[in-house]
There are 2 protein chains.
Amino acid sequence: MRVFGIDCGTEFTGYGVVEVSETTRGQRLNYLCAGAVKLSKKDRTPLRLAQVYSELTALLQHWQPEVVAIEEVFFSANAKSALKLGQVRGVAMLAAANCGLPVAEYAPLSIKSAVVGYGLAAKEQVQFMVARLLELEEAPKPADAADALAIAICHIHHAQTEANLRR
Amino acid sequence: MRVFGIDCGTEFTGYGVVEVSETTRGQRLNYLCAGAVKLSKKDRTPLRLAQVYSELTALLQHWQPEVVAIEEVFFSANAKSALKLGQVRGVAMLAAANCGLPVAEYAPLSIKSAVVGYGLAAKEQVQFMVARLLELEEAPKPADAADALAIAICHIHHAQTEANLRR
């Protein structure tokens, strides 16, 4: 199974692709790629959204994942920033839908639990564990890319648990 | 000038197309069409967003406006509804950008002022004046369609004022 994780943001939208393969010693996570779409503050919103959409679409077409995983959003921030984040999130989900891919959403708590084993883990702990789980020398930069990988890993853990329950 | 107004909503996204033509007695507003994309609550969010995007894109390609006008959003509502609205709004702006169209944003106060002459006008007053300005027997239904026409009319008024100032 190949999973495309997306961490939406109004400045950087991170993405990361993780594949899980079966080995004699169980499942193994393979890192495929990670990065972030950087949005220029100079561009007007419609152009920024068009950039996120076209870059994500190109990546989805290139990497051909089976599913897109995205963070559910809860709100400490205000409504204005929620609207701006929603605009990016809408476009990211559209890119997945227009590529015919299902979208799975995970709460931040689930993502941190899946990666660190502790729902209230600090950002640095998530990045450290992402690098460790994917056998990378260091966590991909920017942090949004590592977060996107964490979301993809979370989906793999959930899918695995569900599969085990169905056995 | 032909203007495509969009009134984003998480259930109904209204649209309306208005053209302004020059006559011997000044400018005349012509109603071209109005309606709303109705989103099924049963569908998951990515599918809903894909529906808004594809319907708006088809309408933009059919009506070939020169500009898309959209409401700026201010917030009485909470962050959760702002995020949901943002998702629809992002997809609507993307449809405009991917059709190569500029997007103009107007505050609710400006829209009501342009149509009713009073920024704090009630919804019903806006609908009544939209019908009157466009010489329709009654305001288009649902209300979101009439609101989208109001946004388009607001853009025409602003463009006209700017043109007058430039003379």
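The rules behind each value
- Counting restarts for each chain: residues are numbered from 1 in the order of the written sequence.
- As they are written, the chains are lettered A onward and the ligands numbered 1 onward, keeping that order.
- Whole-chain, interface and lining totals are the exception, using all residues; otherwise, since this is a predicted model, local features are given only for residues with pLDDT of at least 70 and side-chain atom pairs are given and counted only at 80 or more.
- To get the side-chain values, all heavy atoms of the structure are used, and hydrogens and water are removed first.
- To line up the copies, we fit them by least squares on C-alpha atoms, keeping just the residues with pLDDT of at least 70 in both.
- Only heavy atoms matter for contacts: two residues are in contact if any of them lie within 4.5 Å across the pair.
- We define a salt bridge as a side-chain nitrogen of Lys or Arg found within 4 Å of a carboxyl oxygen belonging to Asp or Glu.
- Under the DSSP-based scheme used, a helix requires at least four consecutive residues in state H or I and a strand at least two consecutive residues in state E, with every element numbered from the N terminus.
- When accessible area is computed with a 1.4 Å probe and restricted to protein chains, residues below 20% of their type maximum are described as buried, those above 50% as exposed, and intermediate ones as partly exposed.
- Criterion used throughout: strands pair if DSSP finds at least two bridges between them.
- Between N-to-C directions, angles span 0 to 180 degrees; the directions come from axes that are lines fitted to C-alpha atoms, helices contributing only their stretch in contact.
- Here roughly perpendicular refers to angles of 65 to 115 degrees, roughly parallel to angles under 35, roughly antiparallel to angles over 145, and oblique to all remaining angles.
- The handedness criterion is simple: a crossing whose near helix is rotated anticlockwise from the far helix by less than a right angle is left-handed, and one whose near helix is rotated clockwise is right-handed.
- Each residue gets one of three labels, nonpolar for Ala, Val, Leu, Ile, Met, Phe, Trp, Tyr, Cys and Pro, charged for Asp, Glu, Lys and Arg, and polar for the others, Gly among them.
- Here, a disulfide means two cysteine sulfur atoms that sit within 2.5 Å of each other.

A. Main features of the relation of the copies chain B and chain A. Overlaying chain B on chain A yields an RMSD of 0.0 Å, the required transformation being a rotation through 180 degrees with an accompanying axial translation of 0.0 Å. On the angle and the small slide along the axis, the relation comes out as a two-fold axis. Residue by residue, 100% of the interface of chain B is reproduced at the interface of chain A, so both copies engage with the same surface.

B. Here's a closer look at the pattern of salt bridges. Residue and element names in this part refer to chain B. Applying the stated criterion across every chain yields a total of eight salt bridges over all chains. Put simply, E19 and R2 hold a salt bridge, and the shortest N to O gap is 3.1 Å. Taken as a pair, E19 in strand β2 (residues 12-23) and R2 in strand β1 (residues 2-7) lie far apart in primary sequence, 17 residues in all. A salt bridge links E135 to R28, with the nearest nitrogen and oxygen atoms 3.7 Å apart. With E135 in the loop between α4 (123-133) and α5 (143-166) and R28 in strand β3 (residues 26-38), this residue pair connects regions lying 107 residues apart in the sequence.

C. Representation of the pairing of strand β4 (residues 67-71) of chain A in the model. All names here are of chain A. Extensive coverage of β4 is indicated by the burial of four of its five residues. As paired elements, strand β1 (residues 2-7) and β4 share four bridges and run parallel to each other. Opposite V3, over in β4, you have V67 as the bridge partner. Bridge count between β4 and strand β5 (residues 103-106): four bridges; the pairing is parallel. In the strand pairing of β5, V68 is matched with V103.

D. Representation of the packing of helix α3 (residues 108-116) of chain A against helix α4 (residues 123-133) of chain A within the structure. Residues and elements named next belong to chain A. Relative to each other, α3 and α4 sit at 50 degrees, their axes nearing to 9 Å. Judged on the interaxial angle alone, α4 and α3 are oblique. As for how α3 packs across α4, the hand of that crossing is left-handed. Contacts from K112, V115 and V116 in α3 reach Q125, V126, M129, V130 and L133 in α4. A per-class count over the contact of α3 with α4 returns six nonpolar, one polar and one charged.

E. Representation of the environment of F128 of chain A in the model. One can find F128 of chain A in helix α4. For the pair F128 of chain A and A139 of chain A, spaced eleven residues apart in sequence, the C-alpha separation works out to 6.3 Å.

F. Just the state of the cysteines, in detail. The final tally for this structure, using the stated rule, is zero disulfides over all chains. In this structure C33 of chain A is not part of a disulfide, and its nearest cysteine sulfur, from C99 of chain A, lies 14 Å away. With relative accessibility at 11%, the residue C33 of chain A sits in the buried group. Summary of cysteine pairing: C8 of chain B is not part of a disulfide, and the nearest cysteine sulfur, belonging to C99 of chain B, is at 14 Å.

Interpretation in functional terms is not warranted from these geometric data alone.
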